[in-house]
Amino acid sequence: MRSDALRVNSPDFDATCRFVFELPNNEATLLPVASCITVRASDPESFKDAKDKPIVRPYTPISPPDLKGELVLLIKRYENGNMSKYIHSLKVSYPDSHHN
Ligand SMILES: Cc1cc2nc3c(=O)[nH]c(=O)nc-3n(C[C@H](O)[C@H](O)[C@H](O)COP(=O)(O)OP(=O)(O)OC[C@H]3O[C@@H](n4cnc5c(N)ncnc54)[C@H](O)[C@@H]3O)c2cc1C
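**Student:** I'd love a proper account of the overall build of the chain, names of residues and values included.
**Tutor:** A count of helical and extended segments in the chain gives 1 helix and 5 strands. Along its sequence from the N terminus, the chain presents helices and strands in the succession β-β-β-β-β-α. Expected size for 100 residues packed as a compact globule is a radius of gyration near 13 Å; at 14 Å, the chain falls within 12% of this value. A burial count over the chain gives 9% of its 100 residues as buried. Here the analysis covers contacts within the chain between residues at least 6 apart in sequence; of these, 53% occur between residues at least 24 apart.

Dropping the structure here:
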């Protein structure tokens, strides 16, 4: 996961939030419904838990598999959750072209 790929972060309810990530080259994930992806840092050495193990967690995409350019995750935030707290802390960023 690239930390600068977050495009939308819309709170749904409680501690749960919908995260829209940009996909490279306007590609579609083409993931079948009910499959999950594993989320990890692009450099696993940079994101480890208290036991020095790289943090990797499965999430179930809620975007249609043929949606081009985006991957949407619905993620509940746990106060002590390594991955969910990190994802909820991400700032929305925009491609350079949006600033021109
Ligand atoms: C196949 C699969 C698909 C999944 N898809 C999704 C998804 O789409 N969206 C989503 O939000 N999550 C999903 N999960 C759960 C997700 O993978 C993580 O387990 C979750 O986000 C917590 O990870 P964390 O690193 O934030 O917390 P961790 O660092 O693993 O846990 C730290 C602390 O957070 C609290 N905590 C963590 N998980 C729970 C829990 N389930 N109930 C109560 N307290 C908890 C506990 O206090 C725990 O000690 C899925 C799990 C599986 C197995």
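**Student:** Break down the site of the ligand for me, with residues and values.
**Tutor:** Taken together, 15 residues form the shell around the ligand, and within it Tyr 78, Gly 81, Asn 82, Met 83 and Ser 84 come nearest. Going through the elements one at a time, strand S4 (57–59), strand S5 (70–76) and helix H1 (82–89) are the ones with two or more residues in the shell around the ligand. Among the residues making up the shell around the ligand, the classes are represented as 7 nonpolar, 5 polar and 3 charged.

**Student:** I'd like a description of the environment of Thr 29, backed by residues and values.
**Tutor:** Along the chain, Thr 29 falls in the loop between strand S2 (16–22) and strand S3 (37–39). According to the C-beta neighbour criterion, Thr 29 is partly exposed, with 18 such atoms within 10 Å. Between the alpha carbons of Thr 29 and Gly 69 there is a distance of 8.4 Å; along the sequence they are 40 residues apart. The contact partners of Thr 29, leaving out residues within four places of it in the chain, are Leu 23, Pro 61, Pro 65 and Leu 71.

**Student:** Tell me about H1, residues and numbers included.
**Tutor:** All buried positions along H1 are accounted for by Met 83, Ser 84 and Ile 87. Each buried residue of H1 sits inside an arc of 95° when the element is viewed along its axis, so together they form one side. On the buried face of H1, the contacting elements are S2, S3, S4 and S5.

**Student:** I'd like to hear about the confidence of the model for the chain, residue by residue, with values.
**Tutor:** The pLDDT averaged across the chain works out to 85; a share of 92% of its residues lies at or above 70. Per-element mean pLDDT across the chain ranges from 75 in strand S1 (residues 6–13) up to 95 in S4.

Quick notes on the rules
- Residues numbered from 1 in each chain as written.
- Predicted model: local features only at pLDDT ≥ 70, side-chain atom pairs only at ≥ 80, totals over all residues.
- Helix = DSSP H or I, 4+ residues; strand = E, 2+ residues; numbered from the N terminus.
- Rg over C-alpha atoms; globule rule 2.2 N^0.38 Å.
- Buried ≥ 20, exposed ≤ 12 C-beta atoms within 10 Å, placed from the backbone.
- Contact = placed C-beta atoms within 7 Å.
- Near = placed C-beta within 6 Å.
- Nonpolar A, V, L, I, M, F, W, Y, C, P; charged D, E, K, R; others polar.
- Arc of directions from axis to C-beta.
- pLDDT = per-residue confidence, 0-100.

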